[in-house]
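Close look at the chain arrangement
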Amino acid sequence: MSTTTTTLPAGLTTGTWTIDPSHTEASFTVRHAGISKVRGTIGVTGGAITVGDDLASTSVTATLDPATVSTGDANRDGHLKSADFFDVENFGEWTFTSTAVRPEGDAFVIAGDLTIHGVTQPVELATEFNGVAVDPFGNTRAGFEASVTISRKDFGLTWNAALEAGGVLVSDKVVITLDVSAIKQA
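Reading the values: rules and limits
Residues numbered from 1 in each chain as written. Predicted model: local features only at pLDDT ≥ 70, side-chain atom pairs only at ≥ 80, totals over all residues. Heavy atoms only, no water. Pairing = 2+ DSSP bridges. Helix = DSSP H or I, 4+ residues; strand = E, 2+ residues; numbered from the N terminus. Salt bridge = Lys/Arg side-chain N within 4 Å of Asp/Glu carboxyl O. Buried < 20%, exposed > 50% of the residue type's maximum accessible area, 1.4 Å probe, protein only. Phe/Tyr/Trp six-rings, centres within 6.5 Å; stacked < 30°, edge-to-face > 60°.

**Considering the pairing of strand E5 (residues 94–104)**
As paired strands, strand E4 (residues 59–70) and E5 are joined by four bridges and run antiparallel to one another. Counterpart to Thr61 in the pairing with E5 is Thr97. Two elements, E5 and strand E6 (residues 107–116), share nine bridges in a ladder whose sense is antiparallel. For Thr97, the partnering residue across the bridge sits in E6 and is Asp113. The loop that links E5 with its antiparallel partner E6 comprises two residues; one of these, Gly105, has a positive phi angle of about 65°.

**Here's the deal with the pattern of salt bridges**
Any two side chains of opposite charge can pair, on the condition that their charged atoms come close. This model, assessed by the stated rule, comprises three salt bridges. Between Arg141 and Asp135 there is a salt bridge, and its shortest N-O distance comes to 2.8 Å. An identical accessibility class is assigned to Arg141 and Asp135; each is buried. Each of Asp20, Asp135 and Arg141 takes part in salt bridges that share partners, so that together they form one network.

**A few points about the packing of aromatic side chains**
Enumeration over the complete set of coordinates arrives at two aromatic pairs. Seen from their ring centres, Phe86 and Trp94 are 4.9 Å apart, and the 85° between their planes marks the pair as edge-to-face. Judged by its relative accessible area of 8%, Phe86 is buried. Taking relative accessible area as the criterion, Trp94 reaches 7% and is therefore assigned buried. Their ring planes at 50° and their centres at 5.4 Å tell us that Phe129 and Phe144 sit as a pair that is tilted. Remark: Phe144 occurs in strand E8 (residues 140–151) and Phe129 occurs in strand E7 (residues 119–134); sequence separation between them is 15 residues. Owing to a relative accessible area of 18%, Phe129 belongs among the buried residues under this scheme. Residue classification places Phe144 among the buried positions, given a relative accessible area of 12%.

Here's what the structure looks like:
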């Protein structure tokens, strides 16, 4: 695919593709204490890809539930859900709404507005289309992988702790990766 075309990738047809939460994952990675990484997931609760006649008329929406955060440590998960971080009592939903979809080499960029912790920031998701397949139940599925690096401070997530040797406990940079399965609607 050339970088000047906005044609749809092969197999992706126009219409609405509903994001399948049971086969979609949002994961994140953040550096901890400057020496290791903490990885976790947050549940994607819904969304849709509305495929137009070309990329320019295609849009994406998604919702995520920060109360589902899982890092493999119940104490850390509880801290992330607290007012120090996600404040799920007051900010129980995260959203993404695209503003543009464009080709970039053999991949795509989905630009849009990401809202976390009540703060909306523009982001650009580097996205790969993984193709279309019919599952054993007759559903036509499309697969995508996307990633973006954000500054958590840009979203009001500023809690931290100083380390004795210098630096901070939690880095500002967070890498978010999405693995999406969407089902074509009739």
